[in-house]
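Take a look at the letters that make up each chain.
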Amino acid sequence: METMSESPMTSIDRFSGLPDDIAHKVVSYLKTEDISRLSAVSKRCRQLCISSPVLNFEVVPYQTNARKRAQLMNYVERLLALRIGMDTQECRIRWCLESSFNFADEEYRLLSWLHHAVKCDFKRLFLDNNLKCGSDFVLPSSLFCSKSLEILKMRFHNGVAVLKTPSSIGNTHGFSSLKCLRMQSVRIHDRFGEFISSCCKFLEELSLTEIKGTESITITSSSLKVLYISFGFDLLHLHISAEKLVHMGLFWVFHSPIDCKLQLSAPNLEHFAYVIEHSTAPKTSIDKNLVRALHDVAGNIKGLILTDDYMQEDNRAFGRQESQDVLILQNLKFATIEFTGHGKNQLELIKFILKTAKDLQNMTVLYASPLRSRVRNVIIQYKKASSNVKLTFLPLQVPLHFP
């Protein structure tokens, strides 16, 4: 029987011969442990692993292995130290401090990585971290010094991250290239809005989800196009002035709306979602604020979402000055209205939109309890300004979004 001889093809190092951009693409799909092994194969492989423009550090595969977890942390630190001065496009860090074997050490190391990320001039930085339950994670002040970051997305679980804006905003030059900022479960300070307005001159998208720590936010931006704010009981006053703003979503939770104030200056706003929750009987002040805000952006709204107790008062929010309300709805393409069955005003709003919005294509009615066929038939039979409008009835659990 003829013995199998080694194929001459097996001695060829195909990976090392790849162009840098293709080799880096391959490396970007590897786990951190595999990258560490690959870097030991040859000088060429080591250089490719070090210089890869996309880094992905994830502790999940080693969450219960203390030895491998420590090895991973040491490797990440060495790699980031070697990368200073190199072109770096993206870094993703998915870590779990809650399962840490040495919480204080890992927290220090994670802060060190973020500090190095600024030195490495990352353009995109993604953080997805489980914190120790109930703890505060203070983000490093060096993060504000980044002039290269274009996208920064931070999501925290269990605990809350603390973002402290610089004490002297006028002398801060960081975030000068930032285009997208998304934060979840972060505590901010009163000067956050001033920092965004003063330093983030190219910011196009801002998303603040489950944010805490301040009663007032004022943002003035000439670049912002997309804004989503989800705030708990802390926020009382919200002032937005953004000439290029097109999409805005506001999820507002408060004890009582009587002291809440909404000011909106967005002449090009096209899609607006407004969701409120409160723990006391509804008042008219928040409705008046919203109506006034919508009148200020009249003529451009193509999408409108109004939910919860917005229409619970005896006086209608829309229709008081019908000629102006028609201006609000003249370009409306779709609307989503929550119907809880608590009163006739929700039906009045649905009726008013249907008879006024000539370009309306779709209206979705979200119902919290079984919708009686009689009520459904009443809505279907309302006079419609648009002959092409489609009525859709869905249970309230359906998530809200713009098409």
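Residues numbered from 1 in each chain as written. Predicted model: local features only at pLDDT ≥ 70, side-chain atom pairs only at ≥ 80, totals over all residues. Heavy atoms only, no water.

With that settled, consider the overall build of the protein. Scanning the protein from terminus to terminus reveals ten helices and 19 strands. Looking at the protein residue by residue over its 403 residues, the buried ones come to 47%. Sequence separation of at least 24 residues holds for 69% of the intrachain contacts in the protein that already meet a minimum separation of 6. (Helix = DSSP H or I, 4+ residues; strand = E, 2+ residues; numbered from the N terminus. Buried < 20%, exposed > 50% of the residue type's maximum accessible area, 1.4 Å probe, protein only. Contact = heavy atoms within 4.5 Å.)

Our next topic: the layout of surface pockets. Taken as a whole, the largest pocket spans an internal volume of roughly 310 Å³. Mapped onto the lining of the largest pocket, the elements with two or more residues apiece are β1 (54-58), β2 (90-96), β3 (124-130), β5 (151-157), β7 (180-184) and β9 (205-211). Classifying every residue of the lining of the largest pocket by side-chain character gives five nonpolar, four polar and seven charged. (1 Å grid on protein atoms, 1.4 Å probe; cavity = no way out; pocket = protein on both sides within 12 Å on 5 of 7 lines; lining within 4 Å. Points joined across faces, edges and corners; volume = space filled by probe spheres on them. Nonpolar A, V, L, I, M, F, W, Y, C, P; charged D, E, K, R; others polar.)

One open sheet accounts for three strands, arranged β4-β6-β8; its pairing is parallel. Where the open sheet ends on each side, the last strands, each with one partner, are β4 (136-138) and β8 (186-187). Relative to strand β6 (residues 160-162), β4 runs parallel, the two sharing three bridges. Considered in β6, the bridge of D136 is made with V160. (Pairing = 2+ DSSP bridges.)

This next bit is on the sheet that holds strand β10 (residues 216-221). If you walk across this open sheet you meet the three strands as β10-β12-β14, and the pairing is parallel. Across the chains shown, the open sheet's two edge strands, defined by having one partner strand only, are β10 and β14 (261-265). Averaged over all adjacent pairs, the angle separating strand axes in this sheet is 0°, with direction ignored. Sheet topology places β10 next to strand β12 (residues 237-242); six bridges connect them, and they run parallel. From the neighbouring strand, S221 faces β12, where its bridge partner is A242. (Axes fitted to C-alpha atoms, helices over the stretch in contact; angles between N-to-C directions.)

So, about helix α1 (residues 20-28). Among the residues of α1, A23, H24 and V27 are the ones counted as buried. Down the axis of α1, the smallest arc covering the buried residues is 100°, so these residues share one side. Tucked inside the fold, the buried residues of α1 contact α2 (32-38) and α3 (43-51). (Arc of directions from axis to C-beta.)

The subject of this paragraph is the pattern of salt bridges. Within the structure shown, the criterion is met by 14 salt bridges. Here R182 and E205 are joined by a salt bridge, their closest N and O atoms 2.7 Å apart. Here E205 lies in strand β9 and R182 lies in strand β7, a separation of 23 residues in the sequence. In this structure, D359 and K333 form a salt bridge, with 3.8 Å as the shortest nitrogen-oxygen distance. Highlighted residues: D359 in the loop between α9 (345-356) and β18 (362-367) and K333 in the loop between α8 (322-329) and β17 (334-339), separated in sequence by 26 residues. Residue class for D359 comes out partly exposed when judged on its relative accessible area of 33%. Through salt bridges with shared partners, a single network forms among E77, D105 and R109. (Salt bridge = Lys/Arg side-chain N within 4 Å of Asp/Glu carboxyl O.)

With that out of the way, let us pick up the packing of helix α4 (residues 66-83) against helix α5 (residues 103-119). At a closest axis distance of 10 Å, the pairing of α4 and α5 adopts a crossing angle of 25°. Taken as axis vectors, α4 and α5 run roughly parallel relative to one another. Where α4 crosses over α5, the handedness of that crossing is left-handed. Taken together, the residues of α5 that come into contact with α4 (itself represented by R69, A70, M73, N74, V76, E77, L80 and A81) are D105, E106, R109, W113 and H116. Here the contact of α4 with α5 is built from residues that sort into six nonpolar, two polar and five charged. (Parallel < 35°, antiparallel > 145°, perpendicular 65-115°, else oblique. Left-handed = near helix turned anticlockwise from the far one by under 90°.)

Take the packing of α1 against α3 next. Packed helices, taken two at a time, are described by the angle between their axes plus the distance between the axes. Running from amino to carboxyl end, α1 crosses α3 at an angle of 75°, the nearest separation of the two axes being 9 Å. As judged from the angle between their axes, α1 and α3 are roughly perpendicular. Side by side, α1 and α3 meet where D20, A23 and H24 of the first sit next to R44, L48 and S51 of the second.

Here the focus is the nonpolar core. Formed by 104 residues in total, the largest nonpolar core has its most connected members in M183, L238, I240 and M248. When neighbours within four sequence positions are excluded, I240 is seen to be in contact with I219, L227, I229, L245, M248, Q263, L264 and S265. (Core = buried A, V, L, I, M, F, W, Y, C linked by side-chain atoms within 4.5 Å.)

On to the side chain of H239, then. Of note, H239 is situated in strand β12. Residues contacting H239, with those up to four places away along its chain left out, are S216, I217, T218, I219, K261 and Q263.

Here the focus is the pairing of β2. Judged by how many residues are buried, β2 sits mostly within the fold: five of seven residues are covered. Bridge count between β2 and β3: seven bridges; the pairing is parallel. Each residue of the ladder has a partner; that of W95, found in β3, is N129. Taking the sense of rotation as the criterion, the β-α-β connection linking β2, α5 and β3 turns out right-handed. (Right-handed = clockwise from strand over helix to strand, strands pointing away.)

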